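Each chain is listed here by its residues.
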Amino acid sequence: METFSLTDIKKKNLSDVYHYIYSNPECSKQAIANALVISLPTVSQHLTTLLNEHLIEKCGQLTSTVGRRAMAYQVIATARIAVGIEVLSRCVYIVALNLYGKKEVKEKFRLHFQPTPNYFEELKNAVKSFLQKYNYKEEQILGIGLGMQGLAAPDGTHMTYGKILNCTGLSIQMFADYFSVPCRFIHDAECASNSELWENPSIKDAIYLSLGYHLGGAVIINGELQNGLTGKSGTFEHMTLVPGGADCYCGKNGCAECYCSGNSLLESDMELDDFFREKEQGNPDCQKKWKDYLQHLAILINNLHMVLENTIILGGHITPYFTDEDIAFVKQKVQERSTFSDDTSYIIQGKCRSDAVSIGAALPFIRDFLDSIALQR
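I will try to describe carefully the structure that is included in this document. (Residues numbered from 1 in each chain as written. Predicted model: local features only at pLDDT ≥ 70, side-chain atom pairs only at ≥ 80, totals over all residues. Heavy atoms only, no water.)

## Quick look at the overall build of the protein
Step number 1: Each helix and strand counted, the protein has eleven helices and 15 strands in total.
Step number 2: With the C-alpha coordinates aligned to their principal axes, the bounding extent of the protein is approximately 75 × 55 × 50 Å.
Step number 3: Relative to its 377 residues, the protein shows a buried fraction of 48%.
Step number 4: Looking at the protein alone, contacts between residues at least 24 apart form 60% of all its contacts between residues at least 6 apart. (Helix = DSSP H or I, 4+ residues; strand = E, 2+ residues; numbered from the N terminus. Buried < 20%, exposed > 50% of the residue type's maximum accessible area, 1.4 Å probe, protein only. Contact = heavy atoms within 4.5 Å.)

## Re the packing of aromatic side chains
Step number 1: Here the structure, examined in full by the defined rule, presents 15 aromatic pairs.
Step number 2: When the ring of Y18 is compared with that of F369, the centres are 6.5 Å apart and the planes differ by 85°; the resulting orientation is edge-to-face. Here the residue Y18 occupies a position in helix α1 (residues 6-23), and F369 occupies one in helix α11 (residues 356-372), the gap between them amounting to 351 residues.
Step number 3: Judged by relative accessible area, F369 falls into the buried class, the value being 4%.
Step number 4: Joined through ring pairs, the aromatic side chains of F275, F276, W290, Y293, Y321 and F322 make up one cluster. (Phe/Tyr/Trp six-rings, centres within 6.5 Å; stacked < 30°, edge-to-face > 60°.)

## A short note on the nonpolar core
Step number 1: L209, L211, W290, Y293, L297, I301 and I318 are the most contacted members of the largest nonpolar core, which has 40 residues in total.
Step number 2: With nine residues, the single largest contributor to this core is helix α9 (residues 284-307).
Step number 3: With residues near it in sequence (within four places) discarded, Y293 still touches L211, Y259, C260, S261, S264, L265 and I318.
Step number 4: Residues V92, L123, F175 and A176 belong to the second largest nonpolar core, which totals 34 residues. (Core = buried A, V, L, I, M, F, W, Y, C linked by side-chain atoms within 4.5 Å.)

## Overview of the environment of V219
Step number 1: Among the secondary structure elements, V219 is positioned in strand β12 (residues 215-221).
Step number 2: Residue classification places V219 among the buried positions, given a relative accessible area of 12%.
Step number 3: Residues V219 and T78, 141 residues apart in the sequence, show an inter-C-alpha distance of 32 Å.
Step number 4: With residues near it in sequence (within four places) discarded, V219 still touches A206, E224, L225, Q226, G234, F236 and L308.

## Structural notes on the sheet that holds strand β7 (residues 141-148)
Step number 1: Taking strand neighbours across the sheet as the criterion, the five strands line up as β6-β5-β4-β7-β10 in an open arrangement whose pairing is mixed. With one partner strand each, in any of the chains shown, β6 (103-109) and β10 (183-187) form the two edges of the open sheet. The sheet shows a mean angle of 20° between the axes of neighbouring strands, taken without regard to direction.
Step number 2: By the bridge criterion, six bridges tie strand β5 (residues 92-97) to β6 in an arrangement that is antiparallel. Note on β6: the bridge partner recorded for L97 is K103. (Pairing = 2+ DSSP bridges. Axes fitted to C-alpha atoms, helices over the stretch in contact; angles between N-to-C directions.)

## Digging into the pattern of salt bridges
Working definition: two side chains of opposite charge can pair if their charged atoms are close together.
Step number 1: Summed over the entire model, instances satisfying the criterion amount to 15 salt bridges.
Step number 2: Across the salt bridge formed by D177 and K124, the nearest N and O atoms sit 3.1 Å from each other. With D177 in the loop between α5 (173-176) and β10 and K124 in helix α4 (residues 117-133), the pair connects residues that are 53 residues apart, well separated along the chain.
Step number 3: Among the residues examined, K124 registers a relative accessible area of 6% and is labelled buried.
Step number 4: Here K333 makes a salt bridge to E336, at a shortest N to O gap of 3.5 Å. With K333 and E336 both in helix α10 (residues 324-337), this residue pair falls three residues apart, about one helical turn. (Salt bridge = Lys/Arg side-chain N within 4 Å of Asp/Glu carboxyl O.)

## Some details on the pairing of strand β4 (residues 81-87)
On any regular strand, side chains alternate: one points to one face of the sheet, the next to the other face.
Step number 1: Here β4 lies mainly inside the structure; seven of its seven residues are buried.
Step number 2: In terms of strand pairing, β4 meets β7 through six bridges, oriented parallel. Within β7, the residue paired with I85 across the bridge is L146.
Step number 3: Examined bridge by bridge, β4 and β5 share six bridges and lie antiparallel to one another. By the bridge assignment, G84 is partnered in β5 with V95.
Step number 4: Taking the residues that link successive antiparallel strands as the turn, the β4-β5 hairpin has four residues.

## Overview of the sheet that holds strand β2 (residues 56-61)
Step number 1: Reading across from one edge, β1-β3-β2 is the order of the three strands in this open sheet, with antiparallel pairing throughout. Sheet topology places β1 (27-28) and β2 at the edges, where each strand pairs with a single neighbour.
Step number 2: Of the pairings in the sheet, the one linking β1 to strand β3 (residues 71-75) comprises two bridges and is antiparallel in character. Counterpart to S28 in the pairing with β3 is A72.

## A few points about the packing of helix α6 (residues 188-199) against α11
Step number 1: Contact geometry for α6 and α11: axes closest at 7 Å, N-to-C directions at 65°. Handedness of the α6/α11 crossing: left-handed. From α6, D188, C191, A192, N194, S195, L197 and W198 reach across to α11, where they touch A356, V357, I359, G360, A361, L363, P364, I366, R367 and L370.
Step number 2: Of the residues contributing to the contact of α6 with α11, the split by class is twelve nonpolar, three polar and two charged. (Left-handed = near helix turned anticlockwise from the far one by under 90°. Nonpolar A, V, L, I, M, F, W, Y, C, P; charged D, E, K, R; others polar.)

As structure tokens, then:
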């Protein structure tokens, strides 16, 4: 039979009080006691602790028609901050998230990636500048996540596969040695799916397609990412879509990356905004490329759904450009290819439409803090 010490019970009660306030902002002491079935003196003790540690604050008094008005409490959303960085070949996006996983601020820095000390010196200075600009103290920071175009080790200490950025084997210490907070690499597709799960917690079983400049993906079972034996689950970008087709950066040819990534649409030095602007202006080459893109995407979706009959979520940089007509076209093409007469309502657009990678790189630190708040004492 499991036994609990008085200290264990106090920690659990403290955690319960914090999480109740987190989920029910502007709540009263009495509401907390009623909901958690603990005494008012116990609630008062934990409120004092959380107030002293600047994790919660008083936020006025509740309205009442009789007696004294009760004091209301809420979590200080910026008591802790997590930093997420999306690392791209020509720039980085840095965001700060509050304890509700909401974006506080965002900055873009022009940095041309190289797996060298000089590059990471520039990146460290960019992060330092970011933190100073918004007056974030290092003790306020839970951690810094770097969303990378490549596969990271499960503990985030190094890159196990990084052909896009030529960063295979890169150690996080090239960046982390400057900071006293935890830092880790995270696969960009995993970051994007982290963001989606945060925004849409009702998702239990799904396939996530990250339609960015590069293609990526993730398998979600029971609300958890499935990384596989060596962290390669969800690398749909290297499934063969067109045998003998276009050359892929991985060294093979015909990969889905060559047909369903943003880069497959672009000429040199072109951005997605440029492409879609030209498409809307009637550029026939762009219009044909887009139609081909949607047809190949439909083939990929149908293939994946034949393996796992789950929801398929379309996320990433490209999804904000989808029109209702584009989604209808994809669903039509999927239905035409499907062996079965299923409808295509399982294809949905993601809720996290922008900054999914940088946000998802920071979210694990928020989750860890919320899970361990009482265990830190």
